[in-house]
Amino acid sequence: MQLIGSYVLRMLPFLLCAAPVYALVRFLLLRRHRRLGNRTTLWHEAGLFVFVLFLTGLYSQAVVPALRFDTSGISVPGFLQGRVNLVPFTVFADTWREVAEGNTAYFLINFLGNIGMFAPIGFLVPLLWQGLGRTALVGFLCSLAIELCQLLLPRGTDVDDLWLNTLGAALGYGLFWLCGRLWPALAARFWMKHRAGEALENELDTK
């Protein structure tokens, strides 16, 4: 818990900066949605706000800390300065070696952490927009974006992170599916109503 708390504290400045920017952009987008006849809900907006802040916090810890800030501005370390692993499933051998040497934090952070930190994506994407395929794709693309950014930074770029993160997104979807079975009306509260979709539903209802 102390480790999680330290990450949250480091995220706070980024979250505080992102919140008003997101609020302004979302306000402008909602005006466009109203002109198109689309309807949102308070549940959808709250969920979307949490999703955006979560992504902000995730990228702030996965990418931004490696950048260096000084009087001359922001400097980006050279290309491929960090460790790069392109061999799948190396994480198992690495985890076994580190745990055998008494470094259990490696297992918690590098293995379970890579799975757990993408579970919220797997839960929130279908909650807001529906779809298992879309959920796995979003999880994979978010992970790929982080790994590509880390090629420019003195951090590890690992192909294993891609499947661990995507697995985390899939497990998050499993949690969403379970919640949907227990509370069937839950997801409907978080979905926007689009005019085209409503017209199609009404047409099908009349047939």
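Residues numbered from 1 in each chain as written. Predicted model: local features only at pLDDT ≥ 70, side-chain atom pairs only at ≥ 80, totals over all residues. Heavy atoms only, no water.

**Description of the overall build of the protein chain**
- Scanning the protein chain for helices and strands turns up eight helices and four strands.
- Sequence-ordered secondary structure for the protein chain, helices as α and strands as β, is α-α-β-β-β-α-α-α-α-β-α-α.
- The buried share of the protein chain, reckoned over its 207 residues, is 33%.
- When the accessible surface of the protein chain is summed, it comes to about 12,800 Å², and 71% of that surface belongs to carbon and sulfur atoms. (Helix = DSSP H or I, 4+ residues; strand = E, 2+ residues; numbered from the N terminus. Buried < 20%, exposed > 50% of the residue type's maximum accessible area, 1.4 Å probe, protein only. Areas by Shrake-Rupley, 256 points an atom, 1.4 Å probe, with all protein chains shown as cover.)

**Focus: the packing of helix H5 (residues 119–129) against helix H7 (residues 159–182)**
- H7 packs onto H5 with a crossing angle of 50° between their chain directions and a minimal axis gap of 6 Å. When the axis of H5 is compared with that of H7, the two are oblique. Relative to H7, H5 is oriented so that their crossing is right-handed. Residues Ala-119, Gly-122, Phe-123, Pro-126 and Leu-127 of H5 form the contact with H7, whose participating residues are Gly-168, Ala-169, Gly-172, Tyr-173, Leu-175, Phe-176 and Cys-179. (Axes fitted to C-alpha atoms, helices over the stretch in contact; angles between N-to-C directions. Parallel < 35°, antiparallel > 145°, perpendicular 65-115°, else oblique. Left-handed = near helix turned anticlockwise from the far one by under 90°. Contact = heavy atoms within 4.5 Å.)

**Examining helix H4 (residues 104–116)**
- The complete set of buried residues in H4 reads Tyr-106, Phe-111, Asn-114 and Ile-115. For H4, the angular spread of buried residues about the axis comes to 115°, placing them on one side.
- Buried residues in H4 make contact with helix H3 (90–100), H5 and H7. (Arc of directions from axis to C-beta.)

**Overview of the pattern of salt bridges**
- Within this structure, the stated rule accounts for two salt bridges.
- Arg-26 serves as the salt-bridge partner of Glu-45, at 2.8 Å between the closest nitrogen and oxygen. Highlighted residues: Glu-45 in helix H2 (residues 42–62) and Arg-26 in helix H1 (residues 2–36), separated in sequence by 19 residues. Like Glu-45, the residue Arg-26 is buried in the burial classification.
- Taking the shortest distance from any N to any O, the salt bridge between Asp-94 and Arg-97 comes out at 3.2 Å. Of this pair, Asp-94 and Arg-97 both sit in helix H3, three residues apart, which is roughly one turn of that helix. (Salt bridge = Lys/Arg side-chain N within 4 Å of Asp/Glu carboxyl O.)

**Digging into the environment of Leu-186**
- One can find Leu-186 in the loop between H7 and helix H8 (195–205).
- Remark: the alpha-carbon pair of Leu-186 and Trp-43, spanning 143 residues in sequence, is separated by 9.8 Å.

**A closer look at unusual backbone geometry**
- Phi is positive for Phe-89, close to 70°, though the residue is something other than glycine.
- Tracing the sequence through the fold places Phe-89 in the loop between strand E3 (84–85) and H3.

**Examining a positive patch on the surface**
- Residues Arg-31, Arg-32, Arg-34 and Arg-35 make up a contiguous surface patch of positive charge.
- Relative to the helices and strands, Arg-34 resides in helix H1. (Patch = residues over 30% accessible without salt bridge, like charges linked within 9 Å, V, L, I, M, F, W, Y side chains within 5 Å. Lys, Arg positive; Asp, Glu negative; His and termini not counted. Charge placed at Lys NZ, Arg CZ, Asp CG, Glu CD.)

**Observations regarding the side chain of Gln-61**
- Structurally, Gln-61 can be placed in helix H2.
- The class for Gln-61 is buried, based on a relative accessible area of 11%.
- For Gln-61, the side chain forms a polar contact with the side chain of Arg-10, separated by 3.1 Å.
- If sequence neighbours within four positions are ignored, Gln-61 has contacts with Tyr-7, Arg-10, Met-11, Phe-14 and Arg-155. (Polar contact = N/O pair within 3.5 Å; in protein donor to acceptor, adjacent residues only side chain to side chain.)

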